[in-house]
Amino acid sequence: MWEWYAWRRELIRAARPNRAHEVLAAWSRRFPRFRLITQNVDGLHERAGTENVIRFHGSLWEVSCRDACGRVPSRWREEGFLEELPPRCTGCRGFLRPGVIWFGEPIDSGVLAASTEALDCDVCLAVGTSAVVYPAAGLVTGAGALGAYTAEINPEATPASGGVDAAIAGRAEAVLDELDGLLGAP
Ligand SMILES: [Zn+2]
């Protein structure tokens, strides 16, 4: 498992934020109430400079002590020491686990609370998600129920397409760039 994670981390280390990440980063500085709830664990939103990121499924760049020994923070950022596999906890020398949410595991309660709070908004965009993994898939309809204008941006239709105000078929890089152009200069 750790070899697979080490491989993914190396691939992502070489990746760069794309135009979609850049537009969202700019909007996060332009709009004070901007919130980005991401299912991505790759950290590219942070690398793009996006503010107010809520990481629904954790981060590939964080680890936690599998035994929750309490001698170290429950989750901490760790990019450099994975030469030793499996990596060990610096507090108790027990095994570490990746700081991501796996299928069937509960979403962090603080993350859920922050996400729920963010649904009280004017506009909610669901970008680049197949909208099949719950509870994340229910966020856009939740925002709509609270009165937000909702739009989906995805190359293909998803289970959420019928329930949003606008379903825009396209790649995030192209559609967000176009929307940013329509918004004009700050
Ligand atoms: Zn420990």
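Residues numbered from 1 in each chain as written. Predicted model: local features only at pLDDT ≥ 70, side-chain atom pairs only at ≥ 80, totals over all residues. Heavy atoms only, no water.

Engineer: Help me understand the pairing of strand β5 (residues 96-100), please; the structure alone is not making it clear to me.
Structural biologist: Walk down a regular strand and you will see the side chains alternate between the two sheet faces. Within β5, 5 of the 5 residues are buried, which leaves the element mostly enclosed by the surrounding structure. Sheet topology note: the strand β3 (residues 58-65)/β5 ladder contains 4 bridges and is antiparallel. By the bridge assignment, Gly58 is partnered in β5 with Val100. (Buried < 20%, exposed > 50% of the residue type's maximum accessible area, 1.4 Å probe, protein only. Helix = DSSP H or I, 4+ residues; strand = E, 2+ residues; numbered from the N terminus. Pairing = 2+ DSSP bridges.)

Engineer: Explain the packing of aromatic side chains to me, please; I cannot follow it from the model alone.
Structural biologist: Working definition: an aromatic ring pair is given by the centre-to-centre distance plus the angle between the planes. Enumeration according to the criterion identifies 3 aromatic pairs in this entry. Among the aromatic residues, ring-to-ring pairing joins Trp2, Trp4, Tyr5 and Trp102 into one connected group. A cation sits over an aromatic face here: Arg8 above Tyr5, 5.3 Å from the ring centre. A cation over a ring is seen here: Arg97 above Trp102, with NZ or CZ 4.3 Å from the ring centre. (Phe/Tyr/Trp six-rings, centres within 6.5 Å; stacked < 30°, edge-to-face > 60°. Lys NZ or Arg CZ within 6 Å of the ring centre and 35° of its normal.)

Engineer: Looking at this structure, I do not really get helix α2 (residues 19-30). What am I missing?
Structural biologist: Along an α-helix, a turn takes 3.6 residues, which lines up residues three or four apart on a common side. Given a rise of 1.5 Å per residue, 12 residues ought to cover 16 Å, and the 16 Å separating the end C-alpha atoms of α2 matches this to within 8%. Of the positions making up α2, those classed as buried are Ala20, His21, Val23, Leu24, Ala25, Trp27 and Ser28. Looking at the buried residues of α2, the elements they touch are β1 (36-38), α3 (44-47), β6 (123-127) and α6 (172-183). The opening residue of α2 is Asn18, an N-cap whose side-chain oxygen sits 2.9 Å from the backbone nitrogen of Ala20. (Expected span 1.5 Å × (residues − 1). Contact = heavy atoms within 4.5 Å. Polar contact = N/O pair within 3.5 Å; in protein donor to acceptor, adjacent residues only side chain to side chain.)

Engineer: Honestly, the sheet that holds strand β4 (residues 76-77) in this entry has me stumped. Any pointers?
Structural biologist: Note: strands within a sheet are paired through backbone hydrogen bonds, in either parallel or antiparallel orientation. The 3 strands lie next to each other as β4-β3-β5, forming an open sheet whose pairing is antiparallel. Of all strands in the sheet, those with a lone pairing partner are β4 and β5, marking the two edges. As paired elements, β3 and β4 share 2 bridges and run antiparallel to each other. Across the sheet, Val63 pairs through a bridge with Trp76, a residue of β4.

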